[in-house]
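Listed below, chain by chain, are the residues.
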Number of protein chains: 2
Amino acid sequence: MSAIRRREAQVSFVGAGPGDPELLTIRALQRLQSARVVLHDALVPREILGLVPPDVRLISVGKRAGRHSMPQDRINTLLVRLARRGHRLVRLKGGDPAIFGRLAEEVSALKEAGVSYEVVPGITAASAAAAATGISLTLRGKARRVQFVTGHAEDGSDFDPVASGLCDPHVTSAIYMARKAAPKIQAGLLSAGWSGEAQALIVGNAGRADEVQIRTRLDALSRSLAALPRETAVILLLGAAIRGETRERAKPLNVPTAVHCPFENMTVPGRSRVKIP
Amino acid sequence: MSAIRRREAQVSFVGAGPGDPELLTIRALQRLQSARVVLHDALVPREILGLVPPDVRLISVGKRAGRHSMPQDRINTLLVRLARRGHRLVRLKGGDPAIFGRLAEEVSALKEAGVSYEVVPGITAASAAAAATGISLTLRGKARRVQFVTGHAEDGSDFDPVASGLCDPHVTSAIYMARKAAPKIQAGLLSAGWSGEAQALIVGNAGRADEVQIRTRLDALSRSLAALPRETAVILLLGAAIRGETRERAKPLNVPTAVHCPFENMTVPGRSRVKIP
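The structure presented is a predicted model; accordingly, all values stated were derived computationally and were not measured. (Residues numbered from 1 in each chain as written. Chains lettered and ligands numbered in written order. Predicted model: local features only at pLDDT ≥ 70, side-chain atom pairs only at ≥ 80, totals over all residues. Heavy atoms only, no water.)

Digging into the overall build of chain A
Phase 1 of the analysis: Secondary structure assignment for chain A yields eight helices and ten strands.
Phase 2 of the analysis: Classification of the 277 residues of chain A by burial places 61% in the buried group.
Phase 3 of the analysis: Of the contacts made within chain A by residues no fewer than 6 positions apart, 70% connect residues no fewer than 24 positions apart.
Phase 4 of the analysis: Counting every atom, chain A has about 11100 Å² of accessible surface; 51% of that belongs to carbon and sulfur. (Helix = DSSP H or I, 4+ residues; strand = E, 2+ residues; numbered from the N terminus. Buried < 20%, exposed > 50% of the residue type's maximum accessible area, 1.4 Å probe, protein only. Contact = heavy atoms within 4.5 Å. Areas by Shrake-Rupley, 256 points an atom, 1.4 Å probe, with all protein chains shown as cover.)

Listed below in structure tokens is the structure:
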């Protein structure tokens, strides 16, 4: 493992979280505010890019599922080149860089080039979806595991809900990029013996102002997902933790709430000085 | 699903993250600074409790694995009672409240009592461990799933690594509270055909100043874990994402780095005003 020295790292991989600026970590905000160049994914919303000081160079490197405006090789090369120029570099990725963020490819390129890096974790979409809906992804005795699965197969292969472990009754599954896989998930779980009445929870744009929550039955899953606009980022939650909530009614649309700059009114109390004892 | 109105919620469940104050979300910090009462788990370190203004009442409700200083029923009752008194209440939990945080029990009590709540997500220990070691929990084509599993069985039952899905070659597993389960994991994976040379990564106190990283072989897993102090919170990482790093050497101890209060020098640039277009 390469030593990862925080403040000295030439490149900071920073998790942007689900898109709400208040759900950035404090360290992520610090890195954005002290960068010289920020390379960001297309999925990072402008509310977060707006936190970067105006004199900082912002470079979008695209990266939506199935639509890469810049190939991975070029991103790697660009990272190395800018780091060698001595720029303080932030590589900003949606959610958590370590979860469906293709971190490994870029880290590998930096290591080969001898460029130091650090990783600043972010709130992943499944955590944001759980928080938004108020559910726990784990339940004592009922859901002792939680798994994050991608519904988007890079190699074009079909999504297999059974092989992906979705059928285990003791697991909560959060499926990222669930849209294309939804018909397979619905058919696969029904033929594996799940009831058509099994509950599923769809969270679109989790943690953003335009968040959408849809509770649906398994037999209506594809239809419910198809009703969402194409550009909505979708997390699908399945399992005992969801079924435990069945007394309650579907809530099709969350009323958008205003997002304010989070730290303008923040006070630093006298006790906030942090020391290692 | 109950409507969760942010600023109006009587109780805020707040994720404290892995323990480093800089890994709190901005919203978590806001909630801590505007609370009247904070009920916190024993695992939340004093660096984070130190961010709460001095006039705020701090109540420790214990909760370490196997050692509850306050039974769950009493915590529930206390939450409801304090909320009804009109206190702005924060229920501070280590990591992410929705992942091994026993959120459901407390939410259920609040719902029954008609008390409104919100959940502020936190960085879960597995994300912190991944960031600290620089690995990606998912790998294109190799690790399309990541799962978080608890090694601590509430009902005293034995941990079964096969039933817990640890053997799937395409999954990355992060085992929380792995200490007691380590001998079972080692024996179970070896008898399931894993090589004794398979790599495992142990991260103790991930994201804290006293963080420890140990890379070990599967056949030395129990011994490596047993060498850690009993009070170290342990995350164990297993799977293809870990094996992909085998060229590198073990790094037994991370040099502690100083943690500074993160927002004292934070500037709010002109562009940081966040508006929903």
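We are not done yet, so read on.
Re the domain arrangement of chain A
All names here are of chain A.
Phase 1 of the analysis: The domain boundaries assigned to chain A delineate domain 1 (11–120) and domain 2 (125–242).
Phase 2 of the analysis: Of the roughly 860 Å² buried between domain 1 and domain 2, counting both surfaces, carbon and sulfur atoms make up 64%.
Phase 3 of the analysis: Applying the counting rule to domain 1 against domain 2 returns zero salt bridges.
Phase 4 of the analysis: The residue makeup of the side of domain 1 that touches domain 2, split by class, is six nonpolar, two polar and two charged. (Domains from an automatic or database assignment. Buried area = accessible area lost by both parts, 1.4 Å probe. Salt bridge = Lys/Arg side-chain N within 4 Å of Asp/Glu carboxyl O. Nonpolar A, V, L, I, M, F, W, Y, C, P; charged D, E, K, R; others polar.)

Let's talk about the nonpolar core
Phase 1 of the analysis: Core analysis: the largest hydrophobic core is formed by 80 residues, its most contacted members being Phe148(A) and Phe148(B).
Phase 2 of the analysis: Here Phe148(A) is in contact with Ile99(A), Phe100(A), Thr124(A), Ala126(A), Leu137(A), Ala174(A), Tyr176(A), Ile99(B), Arg144(B), Arg145(B), Val146(B) and Phe148(B), once residues within four sequence places are set aside.
Phase 3 of the analysis: Listed in part, the 38 residues of the second largest apolar core include Val14(A), Ala16(A), Leu24(A) and Leu92(B). (Core = buried A, V, L, I, M, F, W, Y, C linked by side-chain atoms within 4.5 Å.)

A few points about a positive patch on the surface
Phase 1 of the analysis: A grouping of Arg57(A), Arg74(A), Arg81(A) and Arg85(A) is seen on the molecular surface, where their side chains present a positively charged patch.
Phase 2 of the analysis: Relative to the assigned elements, Arg81(A) resides in helix α3 (residues 72–84). (Patch = residues over 30% accessible without salt bridge, like charges linked within 9 Å, V, L, I, M, F, W, Y side chains within 5 Å. Lys, Arg positive; Asp, Glu negative; His and termini not counted. Charge placed at Lys NZ, Arg CZ, Asp CG, Glu CD.)

Comments concerning the packing of aromatic side chains
Two aromatic rings, taken as a pair, are described by how far apart their centres are and by the angle between their planes.
Phase 1 of the analysis: With the rule as written, the count across this model stands at seven aromatic pairs over all chains.
Phase 2 of the analysis: Their ring planes at 75° and their centres at 5.1 Å tell us that Phe148(A) and Phe148(B) sit as a pair that is edge-to-face. Taken as a pair, Phe148(A) in strand β6 (residues 145–150) and Phe148(B) in strand β6 (residues 145–150) lie in two separate chains rather than in one. Taken as a pair, Phe148(A) and Phe148(B) share a single burial class, namely buried.
Phase 3 of the analysis: Ring geometry for Phe148(B) against Tyr176(B): centres 5.8 Å apart, planes inclined by 50°, an arrangement best described as tilted. One end of the pair, Phe148(B), is in strand β6; the other, Tyr176(B), is in strand β7 (residues 171–176), with 28 residues separating them in the sequence. The same class applies to Phe148(B) and to Tyr176(B), which are both buried.
Phase 4 of the analysis: Feature note: the residues Phe100(A), Phe148(A), Tyr176(A), Phe100(B), Phe148(B) and Tyr176(B) constitute an aromatic cluster, connected by ring pairs. (Phe/Tyr/Trp six-rings, centres within 6.5 Å; stacked < 30°, edge-to-face > 60°.)

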